[in-house]
Amino acid sequence: MSPIENLSQRVSAAFADRTKLKDADHAAAVRETLALLDAGEVRVAEKGPEGWKVNAWVKEAILLFFALSEMKVMEVEPFEFFDKIPLKKGLEAAGVRVVPPGVVRYGAFVERGAVVMPGYVNIGARVGAGTMVDTWATVGSCAQVGRDVHLSGGVGLGGVLEPPTASPVIIEDRAFIGSRCIVVEGVVVEEEAVLGANVVLTASTPIIDVTGPEEKVYKGRVPARSVVIPGMKEKQFPAGRYMTPCALIIGQRKESTDKKTSLNAALRDFAVSV
């Protein structure tokens, strides 16, 4: 049995029976998992040949860590916090820029070269190299954000901690998420997709490709390289017909566009605000 398999079994045993947290070995397994998560050596979800796989035992460890931790005052002059989970440390050595009052919580992993403006990265989340978490953007618990992603101002990526088997929000490499977008309930935004400002995606939001002669509807997934804007769709209710929110795929990012400018240019090509 590998060390990780041994660790996962001890964590899952404690999750199934929380009285085991009184045992030093099981409590140590939880703390060791959080340390590995904080260092980027394990993660909540990872992409394989068959798509994204959730490591439920890691999410179990996060939930158990809350049970083990006590509330305490944390002073970061001139700020004061009162919480169970400490702030992430060693940012300079990790090569991660965090602009005050941006916050990265312990148990999140941010790769070298990422920038966190005055936003928030919660426990269990992962943010890839070269990614910008812009002002007041929030990366919810366990969300997985790839490399060279731009989360624009006010973006909200939902946290998905429970149940442990539930898929987190996933933003794949080089995607662009426009201002005030909301992505929740385990939605996957695939590589190089572009969301225009104010797009809201839940697990049940219709994501409609309107680029062909007939619409094609997705749910829970934005296909790679899609350019997406907010939309409305008529729906019949007992009281009458009303407009309900959806998202519209209106085109694809162009191969010819320079990578450094394509995130904004992809939207402007379609006269959509960033």
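The written sequence of each chain sets the order in which its residues are numbered from 1. Thresholds applied to this predicted model are a pLDDT of at least 70 for local features of residues and 80 or more for the giving and counting of side-chain atom pairs; totals over whole chains, interfaces and linings are not thresholded and use all residues. With hydrogens and water excluded, all non-hydrogen atoms of the structure serve as input to the side-chain values.

Identification of the protein chain as 2,3,4,5-tetrahydropyridine-2,6-dicarboxylate N-succinyltransferase from Archangium gephyra is taken from an unreviewed UniProt entry. UniProt positions are given in the numbering used here, feature names are shortened, and annotations may be inferred rather than shown by experiment. Per UniProt, the comment on the protein chain under Sequence similarities (unreviewed entry) is "Belongs to the transferase hexapeptide repeat family."

By the criteria applied, helices consist of DSSP H or I runs no shorter than four residues and strands consist of E runs no shorter than two, each listed in order from the N terminus. When its secondary structure is counted, the protein chain shows five helices and 26 strands. For this measure, only C-alpha atoms enter the radius of gyration; the expected value for a globule follows 2.2 Å times N^0.38, where N is the number of residues. The globule rule puts the C-alpha radius of gyration for 274 residues at 19 Å, and the 20 Å found for the protein chain is close to it. Only protein chains enter the accessibility calculation, which uses a 1.4 Å probe; a residue whose area is less than 20% of its type maximum is buried, one above 50% is exposed, and one in between is partly exposed. For the protein chain, buried positions account for 49% of its 274 residues. Throughout, a residue-residue contact means that at least one pair of heavy atoms, one from each residue, lies within 4.5 Å. Look at the contacts in the protein chain between residues 6 or more apart in sequence, and 39% of them connect residues 24 or more apart. What sets the accessible areas is the Shrake-Rupley method with a 1.4 Å probe; for residues, cover comes only from the shown protein chains. Accessible area for the protein chain stands at about 13,500 Å²; split by element, carbon and sulfur atoms hold 54% of it. Averaging the coordinates of the 32 positive side-chain charges in the protein chain and doing the same for the 33 negative ones gives two points 2 Å apart. Counting rule applied: Lys, Arg positive; Asp, Glu negative; His and chain ends not counted. One atom stands in for each charge, and that atom is NZ of Lys, CZ of Arg, CG of Asp or CD of Glu.

Turning to the environment of Gly130, a few remarks are in order. Residue position: Gly130 is located in the loop between β10 (126-127) and β11 (132-133). For Gly130, a relative accessible area of 38% gives the class partly exposed. A sequence separation of 17 residues divides Gly130 from Gly113, and the C-alpha atoms of the two residues are 5.0 Å apart. Excluding its chain neighbours within four sequence positions, the residues that come into contact with Gly130 are Arg112, Gly113, Ala114, Asp148 and Val149.

Moving on to the sheet that holds strand β22 (residues 207-209). Strand pairing requires that DSSP identify at least two bridges connecting the strands. Here we have ten strands laid out as an open sheet, ordered β5-β8-β11-β14-β17-β20-β25-β26-β22-β23, and mixed in their pairing. In this open sheet, the two edge strands, each paired with only one partner strand, are β5 (97-98) and β23 (216-218).

Looking now at the sheet that holds strand β16 (residues 170-171). Spatially, β7-β10-β13-β16-β19-β24 is the arrangement adopted by the six strands of the open sheet, whose pairing is parallel. Unpaired on one side and paired on the other, β7 (109-110) and β24 (221-222) mark the two borders of the sheet.

With that out of the way, let us pick up the side chain of Asn55. Among the secondary structure elements, Asn55 is positioned in the loop between β2 (51-54) and α3 (56-68). One polar contact links the side chain of Asn55 to the main-chain carbonyl oxygen of Arg43, over a distance of 2.8 Å. Not counting chain neighbours up to four residues away, the residues in contact with Asn55 comprise Arg43, Val44, Ala45 and Glu46. Within 3.5 Å is the distance limit for a polar contact, defined as a pair of N or O atoms, with the added protein rule that one can donate a hydrogen and the other accept it, and that residues adjacent in sequence qualify only through two side-chain atoms.

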